[in-house]
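# Commentary on secondary and tertiary structure
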Amino acid sequence: MIPVIDFSSYRLSDVSSPPSDEDLAPLADEVYKSFSEVGAIYLKNHGFDLSLVDEYMKISKKFFNLPQDVKEKFSYDKEAGFMYHGYHLQEHTSRDATAADLKEAYHTYPLWKGEWPDQYVPGFKDQSLNIIKPCLELNNRILQTVALGLKWPRDTLTKLHSTVRPSHNSMRTLYYYPVPEGYKPKPGQSRCGQHTDVGSFTFIFQDNVGGLEIQNVSGEWIPATPLPGAILVIIGHATQVWTDDKLKATEHRVGVPDGDVNIAKGRQSVIFFGNPDNDAMLGSIEGTKYPASKHDEFTADYIYGIQK
Ligand SMILES: O=C(O)CCC(=O)C(=O)O
Ligand SMILES: [Fe+2]
């Protein structure tokens, strides 16, 4: 079971006086314990306006319903300096996959200076930016609670996330198109292959179709069933490195629905990838397991690995 954590003591709101380290200690201990014992958490009472996500899913669907040649006008540009803003089809999210995932996606970077598809889908850019803002703030709060849970100074991780310097802070809207009944997936093919994410924490917002699974700390695959009103938070590679494996990057995947009522249904999800600055130190913070490098060196290699 993925623990459900009541985040009200650090919920998003315009509180004029932020809670002290002591105020946050119970929440910090619970967040850290749940991440270390299970590998993922659901946050409730987070203060995040989820209607923004519903709206973005609607806008995204308009994009995914466009003719293929129009969508491909916005295909991501491999030369764009490691940013992979744009439309993605034919991804191999699992490094070992021999067949492309059954999905399409639009990845967005708030610092992107190029095109957005607003001429076809009005509001796409603003809605994407509207969501990423509170996501960045929520990631900030999670980073603080995790640092406190580790008995580190509260800003240990947030100071690696300026959010204004170049980074892979980004969002992705995904459409898992309906799998035709009777479709025989190619060997190893899925909606989204098994992988871990590269950054600090990932937030997963999903519709009610389901299919996402995470591997818990004991190595069992468990369903990450959509929980209305809650945000699923999983751990990224950078956090694993900083914490010397005390928190492990969460393996996750979305299988092909099989013989299920949802087989003919499309699935939508919106994902926020919280990331440190590209030039932030990626290495053990306390221990010695991971020598210091720069976050972007790892990310660049990883991204090119899955865009075969
Ligand atoms: O669609 C999902 O629920 C997961 C997608 C995912 O893991 C990713 O885009 O990195
Ligand atoms: Fe992922």
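Residues numbered from 1 in each chain as written. Chains lettered and ligands numbered in written order. Predicted model: local features only at pLDDT ≥ 70, side-chain atom pairs only at ≥ 80, totals over all residues. Heavy atoms only, no water.

## What to know about the coordination of the iron ion (ligand 2)
The protein atoms donating to the iron ion (ligand 2) are His195 (NE2), Asp197 (OD) and His252 (NE2), with metal-donor distances spanning 2.1 to 2.3 Å. Donor residues for the iron ion (ligand 2) sit on one chain with the sequence pattern H-x1-D-x54-H. Judged by relative accessible area, His195 falls into the buried class, the value being 10%. (Donors = N, O, S within 2.8 Å, 3.2 Å for Na, K, Ca; no water. Buried < 20%, exposed > 50% of the residue type's maximum accessible area, 1.4 Å probe, protein only.)

## Some points on the site of ligand 1
Taken together, 13 residues are adjacent to ligand 1, and Tyr176, His195, His252, Arg267 and Ser269 come closest. Side-chain polar atom of Tyr176 to an oxygen atom of ligand 1: 2.6 Å apart, as the coordinates give it. The contact in question runs from an oxygen atom of ligand 1 to an N or O atom on the side chain of Asp197, over 3.3 Å. Coverage of ligand 1 by the protein chains reaches 97% of its 300 Å² of free accessible surface. Elements supplying a minimum of two residues to the shell around ligand 1: β5 (170-176), β11 (252-254) and β12 (267-273). It is β12 that provides the largest number of residues to the shell around ligand 1, a total of four residues. Looking at the shell around ligand 1 residue by residue, the class counts come to seven nonpolar, three polar and three charged. (Near = heavy atom within 4 Å. Polar contact = N/O pair within 3.5 Å; in protein donor to acceptor, adjacent residues only side chain to side chain. Areas by Shrake-Rupley, 256 points an atom, 1.4 Å probe, with all protein chains shown as cover. Helix = DSSP H or I, 4+ residues; strand = E, 2+ residues; numbered from the N terminus. Nonpolar A, V, L, I, M, F, W, Y, C, P; charged D, E, K, R; others polar.)

## Let's talk about helix α1 (residues 21-37)
Its 17 residues place the ends of α1 23 Å apart at the C-alpha level, agreeing with the 24 Å of an ideal helix rising 1.5 Å per residue. The axis of α1 is deflected most strongly, by about 35°, at Leu27. Those residues of α1 not exposed but buried are Leu24, Leu27, Ala28, Val31, Tyr32, Ser34 and Phe35. Among the residues trailing α1, Gly39 stands out with phi positive, at a value near 110°. (Expected span 1.5 Å × (residues − 1). Bend = angle between axes of the 7 residues up to and from the residue.)

## Focus on the packing of helix α2 (residues 51-64) against helix α4 (residues 124-149)
It is the contact of α2 with α4, at a shortest axis distance of 10 Å, that shows an interaxial angle of 145°. Note that α2 runs across α4; the crossing there is left-handed. From α2, Leu52, Val53, Glu55, Tyr56, Ile59, Ser60 and Phe63 reach across to α4, where they touch Phe124, Gln127, Ser128, Asn130, Ile131 and Pro134. When its residues are assigned to classes, the contact of α2 with α4 shows eight nonpolar, four polar and one charged. (Axes fitted to C-alpha atoms, helices over the stretch in contact; angles between N-to-C directions. Left-handed = near helix turned anticlockwise from the far one by under 90°. Contact = heavy atoms within 4.5 Å.)

## What about the packing of aromatic side chains?
With the rule as written, the count across this model stands at 15 aromatic pairs. Here the aromatic residues Tyr56, Phe63, Phe64, Phe74, Tyr87, Tyr106, Tyr120, Phe124 and Tyr175 are joined through ring pairs into a cluster of three or more. Cation over ring: Arg141 sits above Tyr10, and NZ or CZ is 4.8 Å from the ring centre. A cation over an aromatic ring shows up here: Arg253 above the ring of Trp221, its NZ or CZ 3.8 Å from the ring centre. (Phe/Tyr/Trp six-rings, centres within 6.5 Å; stacked < 30°, edge-to-face > 60°. Lys NZ or Arg CZ within 6 Å of the ring centre and 35° of its normal.)

## Concerning the packing of α1 against α4
Running from amino to carboxyl end, α1 crosses α4 at an angle of 85°, the nearest separation of the two axes being 7 Å. Put simply, α1 runs roughly perpendicular to α4. Between α1, through Asp21, Leu24, Leu27, Ala28, Asp29, Val31, Tyr32 and Phe35, and α4, the contact on the second element is made entirely by Ile142, Thr145, Val146, Leu148 and Gly149. Split by residue class, the contact of α1 with α4 holds nine nonpolar, two polar and two charged. (Parallel < 35°, antiparallel > 145°, perpendicular 65-115°, else oblique.)

## Some words on the confidence of the model for the chain
For the chain, the average pLDDT comes to 91, and 93% of its residues sit at 70 or higher. Scored as a whole, the predicted complex attains pTM 0.95, and scored at its interfaces, ipTM 0.99. (pLDDT = per-residue confidence, 0-100.)

## Some remarks on the sheet that holds strand β8 (residues 212-215)
If you trace the four strands from one edge of the open sheet to the other, you get β6-β11-β8-β9, paired in antiparallel fashion. Both edges of this open sheet fall to β6 (192-195) and β9 (221-223), since each of them pairs with a single strand only. Direction aside, the axes of adjacent strands within the sheet are offset by 25° on average. Two strands pair when backbone bridges link them, and β8 and β11 are joined in this way by three bridges, in the antiparallel orientation. Following the sheet pairing, Ile214 is matched in β11 by His252. (Pairing = 2+ DSSP bridges.)

## Comments concerning unusual backbone geometry
Working note: non-glycine residues mostly have negative phi, and peptide bonds are mostly trans. Of note in the backbone geometry, Lys151 takes a positive phi value of approximately 65° without being a glycine. In this structure, Lys151 sits in the loop between α4 and β5. Residues other than glycine seldom take positive phi values, yet Asp244 does so here, at roughly 55°. By the element assignment, Asp244 lies in the loop between α5 (237-242) and β11.

## Description of the sheet that holds strand β7 (residues 201-206)
The pairing of strands in a sheet happens through backbone hydrogen bonds and is either parallel or antiparallel. Taken in spatial order, the eight strands make up an open sheet running β1-β2-β10-β7-β12-β5-β4-β3, and their pairing is mixed. With one partner strand each, in any of the chains shown, β1 (4-6) and β3 (86-89) form the two edges of the open sheet. Here the strands of the sheet are splayed against their neighbours by 25° on average, with no regard to which way each runs. Judged from the four bridges that link them, strand β2 (residues 40-44) and strand β10 (residues 231-235) form a sheet pairing that is antiparallel. The partner of Leu43 across the bridge, within β10, is Ile231. Taken strand by strand, α1 contacts β1, β2, β7 and β10, and its axis lies near 165° from that of β1. Of the strands in this sheet, β2, β4 (104-108), β5, β7, β10 and β12 touch α4, which is tilted by about 130° from β7.

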